[in-house]
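# Examination of the molecular architecture
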Amino acid sequence: MEFTSRSAGSTPSGPDGVSRRRVLQGAVAGVGVAALPTDGAASTAQVEAAERQRFSLNLDWRFIRSNVAGAERITFDDSGWAVVSVPHTYNDVDSFDNWIGSSGESSVAMQSTWYRKRFQLPAEQAGRKVILELEGIRQAATVHLNGVLIGSYEAGVTPFGFDLTDEILFGADNVLAICADNTKWRPESATGMPFQWDTRDFNPTFGGLTRNVILHVVPRTHFTLPLYSNLGTTGTYVYPSAVNVSGHTATVNAEAQISNEEDRSRTLSVSAEVLDEQGALVGTLPVSTVTLAANTSHVFKVSSRISRLNFWSPSYPALHTVRLTLAEGTTVVDTYTVRTGFRKAEFRGGASTGGVYINEKQIFLTGYAQRATNEWAVLGDAVPEWLRDHDGRLIRESNANLIRWMHLAAQPTNIRMTDRYGLVSVQPAGDKEADATGVQWDQRLGAMRDVMIYFRNSPSILFWESGNNWLTADHQQQMRALKQTWDPGGMRAIGSRATSDNSAYGGTAAVDQCEYIGTMLNRHYSDYARDRMPLIESEFTRDEAPRRVWDTASPPDFGYVTGPDVTYHWTSEDFAATVAASTRYEFWSQRIQGPGSRRYSGAAALTWADSNQHGRQYNWETCRLSGRVDAVRIPKETYYTHRVMQSPTPDLHIVGHWTYPSGTVKPVYVMAAGVSRVDLLVNGRTVGTSTSPQYDFLHTFTNITWQSGTITAVGYDSAGTELTRAQKQTTGTPTALRLTAHVSPDGLKADGTDVAMIDVEAVDSAGRRVPTDQARVDFAVTGPAKLLGGHNPGVPYSVFQSYVSTEAGINRVFVRTTRIAGAITVRATRSGLAAATVTVTSTPVVTTGGLTEPPPL
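Since we're looking at a predicted model, the values are computed, not measured.

When you go through the protein residue by residue, the secondary structure sums to eight helices and 46 strands. Its C-alpha radius of gyration of 28 Å places the protein within 12% of the 29 Å reference for a compact globule of 857 residues. Taken along the three principal axes of its C-alpha coordinates, the protein extends 85 × 60 × 50 Å. Expressed as a percentage of the 857 residues in the protein, the buried residues total 63%. Taking the intrachain contacts of the protein between residues at least 6 apart in sequence as the baseline, contacts between residues at least 24 apart amount to 72%. Accessible area of the protein: about 28500 Å², with a carbon and sulfur share of 48%. Taking the average place of the 78 positive charges on the side chains of the protein and the average place of its 85 negative ones, the gap between the two points comes to 2 Å.

Dropping the structure here:
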């Protein structure tokens, strides 16, 4: 597969007829870039003037939702365009706003848009190499700098980059213009063939610059970046070998690609330091020296036995920093930093001793499948990184340790999150739900290659998924060969969902090329594979239920029923109790550590969050309701029941609430883990005892008569010792609204893209959330921010309104900062209730020459 790019060394004229020089004579007055943190600190040796820098280009773009002729020209007038910051999407206003159908085809727009950005680099940086990195796009980007076509990227899956060196101006304005195109079935320019995954139903449709845009200014002799498309570079690969878990020791290996773009040969050395989580030095990798000819590249390999390592695992996701130094004699030429984690991973076949091992401990992987965008209602895919961490915290607090990203590669912000929060990731590249042939197969291989090169330092990735469905033996072998080429030391397994010894699904030859087997709803299960490699259930429990509907006995949804053509008809209680327990039990009961014969090593529930990226036939909701949390990340009851089922320690949860009309008689469900007996009490009186749970976790107490007060569940061990308890109280009628603000731990940034989440609750006179409240709340914002609103999945066009209805007593709205810092006050009102206000303050973000500090590693 070819990606178009202007050849190096050319010095074309732009369409304005002006020859582009890399340096103007003298700096423009007032133009310069302040010294920002570099990727690594130099030693006491002399440092060359050309040490690298990373900058963010995220702020202050001009944007238009149209394919405007001539927008690449320097002199183009964009003064009437909107000013936006990245991450940005134009689909935040039309996603989650209408009913979605069986193919996920909502009203989300798919079209070409333009972004333009002005920035400066100081004249003293002249002579350096300048590289543009985009952390991804859906689906294609055509990039112009100063009116000259730099190149294009069309695969829509991976991070990618462009060399800007020949057209960059030092000491004057540069104009970067990007056409971002998320049109469906856009054919690849070189082949005329669309990409297999360029669809609505399996590929997130959010358009625009939805991910970080980074500028790298590096010496002419430098560590390369892991951006294979366009640049053809492979970066630095860091991995452990000969791991001694108990001794906290491993051989740390670094394979660093160096490019010498000087006109002379250079005798260069590479060394590295390994730092722990606190930045303390734990070891060094000795120098490797090579004479590198002019305009050539070389992969330096350094390694050393390092002690005092903390190994990465779901229970302790330790991350280390490897800081590499490139030198010529005693002069430091370049430095480069890799953030990674060290761990030992094994994938064994067999009975009770098989499965997945992390740091020599057998582990059952349990968690969720999720679309690669991991999108939010209201925000779409324009999600600040701290909200990715919010996801990570919630997922870990539910005791999950697994995320299977679906169909397409998860973006860097999501993988950084799984690294930090200890979530084992299954990382695909690009596919639909079938094998491919010809050009489309070559596109698949190219995407997987790029994904492996970019993400192979991420410790959370344990599995490369080469197909969302079965592949032929030859194709699976080609995918495995990619892993052997680009990730031979990463201790990862490669395989596909739905590979089986059945000849209709690849046959034994295809199974033999896999290192793990994925299944979907237990289909295509492989007896042949069972004793040879781990089995992972990729997406069980496809059922759906809205968060707002507790059960058939709760107001305001007495006798709740769905439309006649809706696929699933569950209430929140059904979904959280019997559906969650029974669907998970199919794989939990067959786990490799248990008595079952199928020997599953893990299982992922579909999905983590409610999504509008895949639908159901005649669905009368604006999103699919399969999530453990809703589309703005408020936990549903199924979140808590999964927390219990995934808990390694005693835990329990009473499903539902305890605020019912007089005369209500209903079943009460309690999910419990690690206990032998559960007692249920109403106002201190025992009304039931259970010692025989269904599906290992579900305790059902039938015909419980509601009484105002408190319901309590208590879990005991076999000796009658209390281990855990939970309770819920009857609330009064709502008397007031309450607002709670959530912002980044680093504070709210006035960068034009950061958001504050504002929770609104209806509370009674005692300050307790009223679980049956479901009514409209109106909002007003004062200060430098825009109210984005919230989301009600059962109400079309509820996003981007100045109101939202509570669901089960709570909902959430968002405000987005502007580029002006200051106090932002949100006021919530509803007739008959006391109003509420909350104030947050955004802090200034200063740019120098249009550049800011870079996003995190």
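Read on for the rest.
Moving on: unusual backbone geometry. A cis amide bond, omega 15°, links arginine 138 with the succeeding residue glutamine 139. Residue placement: glutamine 139 occurs in the loop between strand S6 (129-134) and strand S7 (140-145). Here the residue pair leucine 606 and threonine 607 is connected by a cis peptide bond, since its omega of 0° sits within 30 degrees of zero. Summarising the element assignment, threonine 607 is placed in the loop between strand S30 (600-606) and helix H8 (637-645). Notably, histidine 248 is not glycine yet its phi reads approximately 55°, a positive angle. Mapped onto the secondary structure, histidine 248 falls in the loop between strand S13 (236-244) and strand S14 (249-260). A relative accessible area of 37% places histidine 248 in the partly exposed class. Residue arginine 633 is not a glycine yet carries a positive backbone phi of 75°.

What follows is about the sheet that holds strand S24 (residues 402-406). In space, the eight strands of this closed barrel follow the order S23-S24-S25-S26-S27-S28-S29-S30, with parallel pairing throughout. On average, adjacent strands in this sheet sit at an angle of 25° to one another, irrespective of strand direction. In this structure, strand S26 (residues 461-467) lies alongside strand S27 (residues 493-497), joined through four bridges in parallel fashion. Each bridged residue has a counterpart across the sheet, and for phenylalanine 463 the counterpart in S27 is alanine 493.

In this section: the pairing of strand S25 (residues 424-428). Summarising burial for S25: five of the five residues are buried, a large majority. Here S25 shows a buried face lined by Val424, Val426 and Pro428 and a second buried face lined by Ser425 and Gln427. Pairing geometry for S24 and S25, over three bridges, is parallel. Pairing of leucine 402 across the sheet is with valine 424, part of S25. With respect to chirality, the unit in which S24 leads through helix H2 (residues 412-421) into the neighbouring parallel S25 is right-handed. On the question of chirality, the crossover connecting S25 to the parallel S26 by way of helix H3 (residues 438-455) is right-handed.

As a further point, take the nonpolar core. Here is a general trend for soluble globular proteins: nonpolar side chains tend to be buried in one another's company. Trp61 and Leu324 are the most contacted members of the largest nonpolar core, which totals 115 residues. Broken down by element, this core gets its largest block of residues, nine residues, from H3. If sequence neighbours within four positions are ignored, tryptophan 61 has contacts with Ala82, Val83, Val84, Val86, Tyr115, Arg116, Lys117, Leu176, Ile178, Leu209 and Val213. Leu737, Phe779, Leu787 and Ile824 belong to the second largest nonpolar core, which has 20 residues in total.

Secondary-structure assignment places valine 781 in strand S41 (residues 776-782). A residue is classified by how much of its surface remains accessible, and valine 781, at 23% relative accessible area, is partly exposed. Taking the C-alpha atoms as reference points, valine 781 and serine 802, separated by 21 residues in sequence, lie 9.3 Å from one another.

Mean pLDDT over the protein stands at 90; residues scoring 70 or higher make up 91%. Note on residues 1-50: pLDDT is under 50 here. Beyond four places in sequence and across chains, it has 120 contacts.

So, on to H3. For H3, which comprises 18 residues, the first-to-last C-alpha distance of 26 Å matches the rise-based estimate of 26 Å (1.5 Å per residue) to within 8%. Among the 18 residues of H3, 15 are classified as buried, and the element is accordingly described as predominantly covered.

The next subject is the sheet that holds strand S21 (residues 355-358). Read from one edge of the open sheet, three strands run S20-S21-S22, paired in antiparallel fashion. Only two strands of the sheet have a single neighbouring strand rather than two, namely strand S20 (345-348) and strand S22 (361-363). Between one strand axis and the next, the sheet turns by 35° as a mean value, whatever way the strands run. Of the pairings in the sheet, the one linking S20 to S21 comprises four bridges and is antiparallel in character. Opposite alanine 345, over in S21, you have isoleucine 358 as the bridge partner.

Their axes nearest at 10 Å, the elements H3 and helix H4 (residues 473-486) cross at an angle of 25°. Comparing their axes, H4 and H3 come out roughly parallel. When you trace H3 past H4, the crossing you get is right-handed. Across the interface between the two elements, Trp441, Arg444, Leu445, Met448, Arg449, Met452 and Ile453 of H3 pack against His475, Gln478, Met479, Leu482, Lys483 and Trp486 of H4. Looking at the contact of H3 with H4 residue by residue, the class counts come to eight nonpolar, two polar and three charged.

Under the definition given, this model contains 22 aromatic pairs. Measuring from centroid to centroid gives 5.3 Å for phenylalanine 195 and tryptophan 197, while their planes differ by 45°, and the two rings are tilted. Residue phenylalanine 195 is classed as buried on the basis of its relative accessible area of 0%. A centroid spacing of 4.7 Å and a plane angle of 35° characterise the contact between tyrosine 237 and tyrosine 239, whose relative ring orientation is tilted. A residue is classified by how much of its surface remains accessible, and tyrosine 239, at 15% relative accessible area, is buried.

Topologically, aspartate 543 is positioned in the loop between strand S29 (535-540) and helix H7 (572-588). Given a relative accessible area of 11%, aspartate 543 falls into the buried group. A distance of 2.8 Å separates the side chain of aspartate 543 from the side chain of tryptophan 570, its partner in a polar contact. Beyond its immediate sequence surroundings of up to four residues, aspartate 543 is in contact with Tyr568, Trp570, Phe575, Val579, Leu625 and Ser626.

Axes are the key here: two packed helices are described by the angle between their axes and the distance separating the axes. Interaxial distance between helix H1 (residues 385-397) and H2 falls to 9 Å at its minimum, and their mutual angle equals 40°. With respect to their mutual orientation, H1 and H2 come out oblique. The handedness of the crossing between H1 and H2 comes out as right-handed. The segment H1 lies against H2, with Glu385, Arg388, Asp389, Asp391, Gly392, Arg393 and Arg396 engaging Thr413, Asn414, Arg416, Met417, Arg420 and Tyr421. Looking at the contact of H1 with H2, its residues break down into two nonpolar, three polar and eight charged.

What follows covers H4. Helix length check: H4, at 14 residues, gives a terminal C-alpha distance of 20 Å against a target of 20 Å (1.5 Å per residue), a fit within 8%. Every buried residue belonging to H4 is among His475, Gln476, Met479, Leu482, Lys483 and Trp486, and all of these are buried. Taken down its axis, H4 places every buried residue within 110° of arc, on the same side. Against the buried residues of H4 lie S13, H3, S26, S27 and helix H5 (507-512).

The next subject is the environment of asparagine 792. When you line up the elements, asparagine 792 lands in the loop between strand S42 (785-789) and strand S43 (803-805). Once the C-alpha coordinates of asparagine 792 and asparagine 811 are considered, the two residues, 19 residues apart in sequence, prove to be 8.6 Å apart. Leave out the neighbours within four places in its chain, and asparagine 792 touches Thr622, Ser798, Val804, Ser805, Glu807 and Asn811. Of the polar contacts made by the side chain of asparagine 792, one reaches the side chain of glutamate 807; its length is 2.9 Å.

Time to look at the pattern of salt bridges. For side chains of opposite charge, pairing can occur when their charged atoms come near one another. Counted by the stated rule, this structure contains 48 salt bridges. One salt bridge in this structure joins aspartate 450 and arginine 449, with 2.8 Å as the shortest N-O distance. Arginine 449 matches aspartate 450 in its accessibility class, with the two residues each being buried. When salt bridges that share partners are traced, they join Arg404, Glu433, Glu465, Arg497, Glu539 and Arg542 into one network.

Thresholds applied
Residues numbered from 1 in each chain as written. Predicted model: local features only at pLDDT ≥ 70, side-chain atom pairs only at ≥ 80, totals over all residues. Heavy atoms only, no water. Helix = DSSP H or I, 4+ residues; strand = E, 2+ residues; numbered from the N terminus. Rg over C-alpha atoms; globule rule 2.2 N^0.38 Å. Buried < 20%, exposed > 50% of the residue type's maximum accessible area, 1.4 Å probe, protein only. Contact = heavy atoms within 4.5 Å. Areas by Shrake-Rupley, 256 points an atom, 1.4 Å probe, with all protein chains shown as cover. Lys, Arg positive; Asp, Glu negative; His and termini not counted. Charge placed at Lys NZ, Arg CZ, Asp CG, Glu CD. Pairing = 2+ DSSP bridges. Axes fitted to C-alpha atoms, helices over the stretch in contact; angles between N-to-C directions. Right-handed = clockwise from strand over helix to strand, strands pointing away. Core = buried A, V, L, I, M, F, W, Y, C linked by side-chain atoms within 4.5 Å. pLDDT = per-residue confidence, 0-100. Expected span 1.5 Å × (residues − 1). Parallel < 35°, antiparallel > 145°, perpendicular 65-115°, else oblique. Left-handed = near helix turned anticlockwise from the far one by under 90°. Nonpolar A, V, L, I, M, F, W, Y, C, P; charged D, E, K, R; others polar. Phe/Tyr/Trp six-rings, centres within 6.5 Å; stacked < 30°, edge-to-face > 60°. Polar contact = N/O pair within 3.5 Å; in protein donor to acceptor, adjacent residues only side chain to side chain. Arc of directions from axis to C-beta. Salt bridge = Lys/Arg side-chain N within 4 Å of Asp/Glu carboxyl O.

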